[in-house]
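What the coordinates show
Spelled out from the first residue to the last, the chains are:
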Amino acid sequence: MKTSFILSFVLASAMLLSSCGKKQEEQEVDEKEVEKSAVDALQAFADKAKEMGSREAVDPIDFRKLKDLMPEKIGGMSRTEATGEKSGAMGFTVSTAHAKYKGDGDENLDIEIVDTGGIAGVSTMALAGWSMAEIDKETTTGYEKTTKIDGYKAFEKYDNEGKSGELNVLVGDRFVVNVQGDHITVDQLKDALKDLDLAKLGDLK
C-alpha cells in the first residue's frame with residue numbers, strides 16, 4: 001500500500017465541500033470543518049514522518065532469517081517457491097523474502113516480508129503509508145480499511161467479485177508483511193497470516 005492513501009483520505013474529506021441543499025451559513029461552517037480536518041490529517045502525517053525519519057538507520061537482517069519464517073504449508077496451501085535478497089542503493093539496504101503458495105484448486109498466495117531497517121522511517125513510509133492514515137471504504141464489490149491484527153497496524157482489502165485480497169501488516173515500525181491471494185476467502189487470508197510468527201519477526205535482529 002502506498003502513501004497515496006493519505007492523499008486520498010485528505011481529498012475525500014475535501015469532497016464534502018461539494019454538498020448541496022444547505023444554507024450559505026452551514027456551507028461556511030462545513031468548509032471550515034473540512035479545512036481543519038484536512039490540516040489536522042496532514043499535520044499528523046507530517047509529525048509521524050518527522051518521528052520516523054529521525055530514527056537511526058540500522059543494518060537489515062540477513063534475508064535468510066526472513067525466509068525461515070515462511071512455513072512449507074500455510075493456510076492449507078503448499079509452498080511452491082521461496083526466494084530472498086538483500087539490495088540497496090546510495091548506501092541504504094533492505095532485506096526481502098518472498099514465497100508463493102498453491103492450494104488444491106485455483107487458490108494461491110504470495111507472501112513478502114521486507115526489513116526496512118536500512119533506511120529506517122523513509123522506506124517504511126513508502127511501503128506502509130497506510131499505517132499513518134484511517135481508511136474505511138466500501139465499493140460495490142468489496143472494501144478496504146485500516147485495522148489492527150494481533151495488535152499490529154494493518155491494512156485489509158478484499159474484492160468479493162474477484163475473490164482476491166490482501167493483508168499488509170507493519171511490525172515494529174520496521175518489518176512490512178504483505179499477504180496477497182487470489183481465488184480465496186478473507187478467512188483464508190487471515191489464517192495464512194496467523195501461520196506466520198509475527199512476534200518472532202519483531203524480535204529478529
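Scroll up to find the structure this text is about.
A brief report on the enclosed structure follows. Everything numeric here is computed off the predicted structure, so don't read it as measured data. (Residues numbered from 1 in each chain as written. Predicted model: local features only at pLDDT ≥ 70, side-chain atom pairs only at ≥ 80, totals over all residues. Heavy atoms only, no water.)

1. A short note on the nonpolar core
To keep things clear, this is the line we draw: Here, nonpolar core means buried Ala, Val, Leu, Ile, Met, Phe, Trp, Tyr and Cys residues that are tied together by side-chain atoms lying within 4.5 Å of each other. The buried label applies to any residue whose accessible area, calculated with a 1.4 Å probe on protein chains only, is under 20% of its type's maximum; exposed applies above 50%, and partly exposed to all values in between. Put simply, DSSP marks the helices as runs of H or I at least four residues long and the strands as runs of E at least two long, and each gets a number from the N terminus on. Should any heavy atoms of two residues lie within 4.5 Å, those residues are counted as being in contact.
The biggest cluster of nonpolar side chains holds 31 residues, and the ones touching the most others in it are Leu 109, Val 169, Val 177, Val 179, Leu 196 and Leu 201. The set of elements that each furnish at least two residues to this core consists of strand E3 (92–102), strand E4 (108–115), strand E7 (152–159), strand E8 (164–171), strand E9 (175–182), helix H5 (186–194) and helix H6 (198–203). Sort the elements by how many residues they give to this core and H5 lands first, with four residues. Sequence-distant contacts of Val 169, defined by excluding residues within four places in its chain, comprise Trp 130, Ile 149, Tyr 152, Lys 153, Ala 154, Phe 175, Val 176, Val 177, Leu 193 and Leu 198. Within the second largest apolar cluster, six residues are counted, among which are Trp 130, Ala 133, Ile 135 and Phe 155.

2. Topic: the pairing of strand E6 (residues 142–149)
We count it as follows: Two strands pair under a simple rule: DSSP has to find at least two bridges between them.
In terms of strand pairing, strand E5 (residues 136–138) meets E6 through three bridges, oriented antiparallel. Bridge pairing in E6 links Asp 136 to Lys 145. Here E5 hands over to E6 after three residues, the two strands then running antiparallel side by side. Here E6 pairs with E7 via eight bridges, running antiparallel. Residue pairing in the sheet places Lys 148 in a bridge with Lys 153 of E7.

3. Remarks on H5
Rules: Think of the arc as the fan of directions from the helix axis to the C-beta atoms.
Restricting attention to buried positions, one finds in H5 the residues Val 186, Leu 189, Ala 192 and Leu 193. The buried residues of H5 all sit within an arc of 125° when viewed along its axis, so they share a single face. Among the exposed residues of H5, those oriented more than 90 degrees off its buried face are Asp 187 and Lys 194.

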